[in-house]
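# Tertiary structure, described
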Amino acid sequence: MAPAQMALPVDRRNGASTPRPASPVVPVLDVEVEPDPTAVEVPVVETEADAVPGWVRWTTTSAVLAVALVAAVASYEHMRALAETAGEGWRAWLLPISVDGLAVAASMTMLVRRRAGQPSGALAWAALLLGLGASLAANVAAAEPTVQGRLVAAWPPVALLLSYELLMQQIKGRGGPGVQSVHPQPTSLDGGTL
């Protein structure tokens, strides 16, 4: 066995570098641990998302993206026209991105938090509802002043949000970059983890 090395803690207050006395070092012994014969391996259960054929997932994702694209274009144009009539000039092209972009950013935040095992959060919900409300109000305000015109104009922001949420449900079951997956740990028969 190699001799134990000792690291001295350093007090860095006010730039000082005088070593403090160290606590005693306890050597670690090389000990072989035998496996617990009462341990039970917990099987990995296949989820419904894993059982869905690839072509179904691809078709669903394509349909959701098509609906989202059409709704985004219609919603964008309604909000741009409204901002232009409000005298926003060249900024009228940017305003719709900030409105619908807020809802998308909130949905993505909620997705990341859910996959990390955390609640969605009040701020994410507030941003999602505010983005949807502003988009809905702007689309209705830009519509023809008839019931039919307002109903038709109200549809794109609702369809955009719903299709985006459906897309997030497609993604939710899969692992992704920066998101740790939770794997079951083997447990013993008495209920403890190994």
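Just above, that's the structure.
Basis of the calculations
Residues numbered from 1 in each chain as written. Predicted model: local features only at pLDDT ≥ 70, side-chain atom pairs only at ≥ 80, totals over all residues. Heavy atoms only, no water. Axes fitted to C-alpha atoms, helices over the stretch in contact; angles between N-to-C directions. Helix = DSSP H or I, 4+ residues; strand = E, 2+ residues; numbered from the N terminus. Parallel < 35°, antiparallel > 145°, perpendicular 65-115°, else oblique. Left-handed = near helix turned anticlockwise from the far one by under 90°. Contact = heavy atoms within 4.5 Å. Nonpolar A, V, L, I, M, F, W, Y, C, P; charged D, E, K, R; others polar. Patch = residues over 30% accessible without salt bridge, like charges linked within 9 Å, V, L, I, M, F, W, Y side chains within 5 Å. Areas by Shrake-Rupley, 256 points an atom, 1.4 Å probe, with all protein chains shown as cover. Salt bridge = Lys/Arg side-chain N within 4 Å of Asp/Glu carboxyl O. Core = buried A, V, L, I, M, F, W, Y, C linked by side-chain atoms within 4.5 Å. Buried < 20%, exposed > 50% of the residue type's maximum accessible area, 1.4 Å probe, protein only. Phe/Tyr/Trp six-rings, centres within 6.5 Å; stacked < 30°, edge-to-face > 60°. Lys NZ or Arg CZ within 6 Å of the ring centre and 35° of its normal.

## Let's talk about the packing of helix 2 (residues 54-85) against helix 3 (residues 95-115)
Between helix 2 and helix 3, the least distance of the axes is 8 Å, while the angle of their chain directions is 135°. It follows from the interaxial angle that helix 2 and helix 3 lie oblique. Of the two elements, helix 2 crosses helix 3, and the hand of that crossing is right-handed. Seen from helix 2, the contacting residues are Ser75, Tyr76, Met79, Arg80 and Ala83; seen from helix 3, they are Leu95, Pro96, Ile97, Val99 and Asp100. The residue inventory of the contact of helix 2 with helix 3, partitioned by class, reads seven nonpolar, one polar and two charged.

## Details of a nonpolar patch on the surface
Where nonpolar side chains cluster on the molecular surface, the patch consists of Trp90, Leu94 and Ile97 and spans about 370 Å² of accessible area. Within the element layout of this structure, Leu94 appears in the loop between helix 2 and helix 3.

## Here's the deal with the nonpolar core
In terms of nonpolar packing, the biggest core is built from seven residues, these being Ala103, Ala106, Met110, Ala124, Ala127, Leu128 and Leu161. Where this core is concerned, the elements lending two or more residues are helix 3 and helix 4 (122-141). Core analysis: the second largest hydrophobic core is formed by five residues, Val64, Leu111, Leu167 and Met168 among them.

## A word on the environment of Ala66
If you trace the backbone, Ala66 turns up in helix 2. According to the relative accessible area criterion, Ala66 is partly exposed, its value standing at 42%. Residues Ala66 and Ser163, 97 residues apart in the sequence, show an inter-C-alpha distance of 8.9 Å.

## Quick notes on the packing of aromatic side chains
Considering all chains together, one arrives at one aromatic pair under this definition. Here the aromatic rings of Tyr76 and Trp93 are separated by 6.5 Å at their centres, their planes lie at 40°, and the arrangement is tilted. Placement of the pair is Tyr76 in helix 2 and Trp93 in the loop between helix 2 and helix 3, with a sequence separation of 17 residues. A relative accessible area of 24% means that Tyr76 is categorised as partly exposed. For Trp93, a relative accessible area of 45% puts it in the partly exposed group. The ring of Trp93 carries the charged tip of Arg80 above its face, separated from the ring centre by 4.7 Å.

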